[in-house]
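What follows is each chain in one-letter form.
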Amino acid sequence: MESPSVSAASPSDPPGAAGPGGTPRPAGSAGIPQPPLSEPPNNTGLPDSGDRPLVVLVDAPSVLERRLIERWLASASSANGRPLETVPVEGEQLAARLTRGDNALLVPVRLVWEPARPAPQKPLLRLIDAVTRRSKLRERARAARAQQSRTDRTRHRIVVGRPATARELLVRQRRERTGTNTEDFVRFVSQQAKLALDRAERSVLGNRSKVPREVSDQIVGGAHFAREVRRLADETGRSEPDVAAEAEKDLQSLVAAMDPTAVDMFSGVLRPMHDHAWEVHADTSGLEPLRQLNAEHALVFLPSHRSYTDPFVLAEVLRENDFPRNHVLGGNNLRIWGLEALARRSGIIFIRRSFGKDLVYKAVVREYFSWLAAKRFNLEWYMEGGRSRTGKLRPPKYGLLSDVAHAVETHRTSDVYLVPVSIMHDQLQEVHQMAAEQTGTAKTPEGVRWLAGYARAQRRPNGALHVSFGEPLSLRQALSTAGDPALERDPDDVDDDATDAAARRLALQKTAFEVFVRINRATPVTPIALAALALLGVRDRALTLSQVRRVLEPVLDYAEARKLPHTGVEALRTNGGVAEALLALRQEKVVTAYTEGTEPVFSVESGHHIVAAFYRNAAIHHFVNRAIVELSVLEVDDDEEGREALAAGFTHALKLRDLLKYEFFFPDKDTFRNELTAELSLIDPDWTERDRRVSRTKEILLASPFLCAHRVLRSFVDAQWLFAERLAAWDVARPVEESELFDDCSAVGQQLLLQGRLHGPEALSRELFASALRLAGNRGLVEVPTPASAADPDTGDAAERSSTIETARADLAARRRAFADEVRAVVGRVVRIDETDARNRQESTGVRP
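Residues numbered from 1 in each chain as written. Predicted model: local features only at pLDDT ≥ 70, side-chain atom pairs only at ≥ 80, totals over all residues. Heavy atoms only, no water.

Enquirer: Mind showing me how you'd approach the overall build of the chain here?
Expert: A count of helices and strands for the chain gives 33 helices and 16 strands. Burial status across the chain gives 54% buried among its 849 residues. (Helix = DSSP H or I, 4+ residues; strand = E, 2+ residues; numbered from the N terminus. Buried < 20%, exposed > 50% of the residue type's maximum accessible area, 1.4 Å probe, protein only.)

Enquirer: Sorry, what's going on with the sheet that holds strand 14 (residues 543-544) here?
Expert: Neighbouring strands of a sheet are bound in pairs by backbone hydrogen bonds; such pairs are parallel or else antiparallel. The sheet built from three strands is open, its strands ordered 14-16-15 with antiparallel pairing. This sheet does not close on itself; its edge strands, each paired only once, are strand 14 and strand 15 (591-594). Bridge analysis of strand 14 against strand 16 (residues 601-604) gives two bridges, and the strand direction is antiparallel. Counted as the bridge partner of threonine 544 is valine 601 from strand 16. (Pairing = 2+ DSSP bridges.)

Enquirer: Please explain unusual backbone geometry as it appears in this structure.
Expert: Negative phi is the rule for most residues except glycine; trans is the rule for most peptide bonds. We note that arginine 376 has phi near 60°; this positive angle belongs to a residue other than glycine. The residue arginine 376 is located in the loop between helix 15 (359-374) and strand 10 (379-380) in this model.

Enquirer: It is not clear to me how the side chain of histidine 621 should be interpreted in this structure. Could you clarify?
Expert: Along the chain, the position of histidine 621 falls in the loop between helix 24 (609-620) and helix 25 (624-635). If we skip the residues at most four places from it in the chain, histidine 621 touches Asn520 and Thr523. (Contact = heavy atoms within 4.5 Å.)

Enquirer: What exactly am I supposed to notice about the pattern of salt bridges here?
Expert: Side chains that differ in sign of charge can pair as their charged atoms come close. Counted under the stated rule, the structure contains 47 salt bridges. Arginine 110 is paired through a salt bridge with aspartate 198; the nearest N and O atoms lie 2.9 Å apart. Linking arginine 110 in strand 3 (residues 105-113) with aspartate 198 in helix 6 (residues 182-205), this pair joins segments that are 88 residues apart in sequence. One exposure class covers both arginine 110 and aspartate 198, and it is buried. In this structure, a network of salt bridges that share partners links the residues Asp59, Arg110, Asp198 and Glu201. (Salt bridge = Lys/Arg side-chain N within 4 Å of Asp/Glu carboxyl O.)

Enquirer: For this particular structure, what's the right way to read the confidence of the model for the chain?
Expert: Low pLDDT marks stretches whose predicted atomic positions should not be read closely. Averaged over the chain, the pLDDT score is 82; the fraction of residues at 70 or greater is 81%. The element-level mean pLDDT for the chain is lowest in helix 3 (residues 127-131), coming to 39, with strand 13 (residues 473-474) highest at 97. This model gives residues 1-43 a pLDDT under 50, and the stretch forms 96 contacts once residues within four places in sequence are excluded. Here residues 843-849 is modelled with pLDDT under 50, and outside its nearest four sequence neighbours on either side it reaches 14 contacts, counting other chains as well. (pLDDT = per-residue confidence, 0-100.)

Enquirer: I'm lost on the environment of leucine 401 in this one. Help?
Expert: Within the fold, leucine 401 resides in helix 16 (residues 399-409). Those residues in contact with leucine 401, other than ones at most four positions away along the chain, are Trp381, Leu418, Leu475, Leu508, Thr511 and Ala512.

Enquirer: Would you mind showing me how to read helix 31 (residues 766-778) here?
Expert: Each α-helix turn comprises 3.6 residues. Residues three or four places apart therefore point the same way. Taking 1.5 Å as the rise per residue, helix 31 with 13 residues should run 18 Å; its terminal C-alpha atoms sit 18 Å apart, in good agreement. The backbone nitrogen of glutamate 767 lies 3.2 Å from a side-chain oxygen of the residue at the head of helix 31, namely serine 765. (Expected span 1.5 Å × (residues − 1). Polar contact = N/O pair within 3.5 Å; in protein donor to acceptor, adjacent residues only side chain to side chain.)

Enquirer: How should I be thinking about the packing of helix 29 (residues 709-729) against helix 31 in this particular structure?
Expert: When two helices pack together, their arrangement is given by the angle between the helix axes and by the axis-to-axis distance. Where helix 29 meets helix 31, the closest approach of the two axes is 9 Å, and the angle between their N-to-C directions is 60°. With respect to helix 31, the axis of helix 29 lies oblique. Note on packing geometry: the crossing formed by helix 29 with helix 31 is right-handed. Residues Ser715, Phe716, Ala719, Gln720, Leu722, Phe723 and Leu727 of helix 29 form the contact with helix 31, whose own contacting residues are Leu768, Phe769, Ala772, Leu773, Leu775 and Ala776. Here the residues of the contact of helix 29 with helix 31 are counted per class, giving 11 nonpolar, two polar and no charged. (Axes fitted to C-alpha atoms, helices over the stretch in contact; angles between N-to-C directions. Parallel < 35°, antiparallel > 145°, perpendicular 65-115°, else oblique. Left-handed = near helix turned anticlockwise from the far one by under 90°. Nonpolar A, V, L, I, M, F, W, Y, C, P; charged D, E, K, R; others polar.)

Enquirer: Help me out: how do you make sense of the nonpolar core in this one?
Expert: Buried together is how nonpolar side chains tend to be arranged in soluble globular proteins. In this structure, Leu290, Phe301, Phe469, Leu530, Tyr615, Phe623 and Phe723 are the most contacted members of the largest nonpolar core, which totals 126 residues. At 11 residues, the largest contribution of residues to this core is made by helix 29. Apart from the residues lying within four places of it in its own chain, the contact partners of tyrosine 615 are Asp426, Gln427, Leu428, Val431, Ile528, Ala529, Ala532, Leu585, Glu588 and Val590. Within the second largest apolar cluster, 57 residues are counted, among which are Val300, Ala363, Leu475 and Ile519. (Core = buried A, V, L, I, M, F, W, Y, C linked by side-chain atoms within 4.5 Å.)

As structure tokens, then:
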């Protein structure tokens, strides 16, 4: 077919022109463009078309809807004083109208049925409601019967989408799409009209009804997709049709064909998994700024991850606050038979866990994310790559973040905002299974049987669940601050040199770490976390309620001084509040109570120390800086003073930060330094006085009622020391076998635990061993370096190569031993803090070490 005979002269206000305040308006970001300001809408809701013909594009799938719209248009035509043309929003009549060449003003119109009853207080429909709302047609049919019976005359409203001239749409279509014939243009006009009506419909139904339409067709028909296909064909040596076919197939496997009814049904099916288990408390104070950002930019929600129910809980919180449904990324392992189709229609994107070597799939993911970001559809995924097994955040996987960053780097969208989300559970049924996995138990594969068992396990109440939103982070600003070179590169230049690629990876890593720092700041301290902190800090002894309370009082004073977010920890100042927290842990079989004596005493249940550590670790990040300051002060010479003392202390703190960098997330060094300075001021407010010696600060520190390094860091440094010792004992001629080395750590660790040389069983965690292995690898202690002369048999004689290898192995053995000694020294300082705290508490509380 020939191209439509519409002039392609520049429109008076084309998409991409400056919007209010001179801000560039991204092409396609507002659907059908707003008419020029000289053509304001009249009081009928229809715009004044001036000398141009006014053509109404009617979106009405039922006869009743067409009749109601025609009645409304007849009234509007009388008020307007001029005739109106009406054509369906798609089909042959629209094609015939667009080929006239008179540059008509096109106005989309739709009838929207308002809810027949008030929305339920709970935002997700119950399963029975979801089943009775199986499709929009069923809802419309029911509404039509109500209208026809005249029992409810106010259920419908006519919405008018943003108008545009045929010329404006043709210019946009030629810029954004590859097709240039009439059929392509008609399809483009129809799509844009429906998108404009969707936006207008949300003014009636709210943002929860925002869903993407005809996603695959829009992406495949776009100019960006065509360029990617050509690039991949050139790069792989394949034909363009072959690459395009594979890309379209991959896209079909990814795209979530979201439908509001399916969202309700999916939520109704899975809601019992969290509705009975937790009472959800959401801090929604940060949502209004997010709503304002979402008006201009896509949001990427990045929550912490401790439970399979986290996505459903977050979806409910956002739905209650009228946010559109997120596109939630899930691994292919969660494709559960019977739920996959419904899950995809409710916004779940099933994605491969690894696809780095599949260039076509990677490009399709990048293109899909770029399209979603450009259209301001929100994303959600869990950067930890899985549920936390230790209670604290796991190292982030930022491959998907790289794909979203590509949209910003290539100017597909001006910016994307990352939203840190903390999801915190008072109690969690699945903790025991995750703790078992840390000691070597195999993970249960997901499936229908697993899902049924998991749902049954959630029937018992598990206390409260807390959702908090951290400060949003501009992705463009974060990448720019971190030195991402791709922001300055031509969007069509895809050839990164090695230096630029490494700099980009570092920028993404820093951005991901900053997100996790903000998640930690938003995570509240809970009574259960502090109760676990108290019991794990006294080894295997039991404490009375009063003893636990007195141990916690200085911790509470510290939390109050720091103004830490919390969930009612002040209750721990009373025996009743302490008893409530301990009984919750006892319900989870984490704590045992002996009640046959003069008063009950509580201790960690034998064999459940890793579970107790999970609850403790949920809030431990708030105390890490304090623990680092305590250990750093002990390292500074007593005679140091002033700036010299501060510099020496910060040097020791940086060494500890490096040792712990795979366990905790730290801000940039300047922020870290400022935070440590604030911590030091809490210990010794007068430390900045002239001629103030470190010895005086040490005296104040060691006499403090609040010492926490042993409670916060002991299990982590114990695990590192154990790992470092076993690595030092490993034959330097043998490649390190991770599983075998971890088994050795567990076996020797059990011996050391029985000998009293390890503080507690929570150090015998494969997750902690894995972090220590990453640290050792970062320091070059895992791989045996192969000298260049030994790698080439033609270089030098055999004796020389053998000597070089032996020298390298001896050097590696020495460095491994130095690593073990370094960690041992840190453990020694932690033990000193532990012993000092025990003496202090004996004097003030009667708790014997």
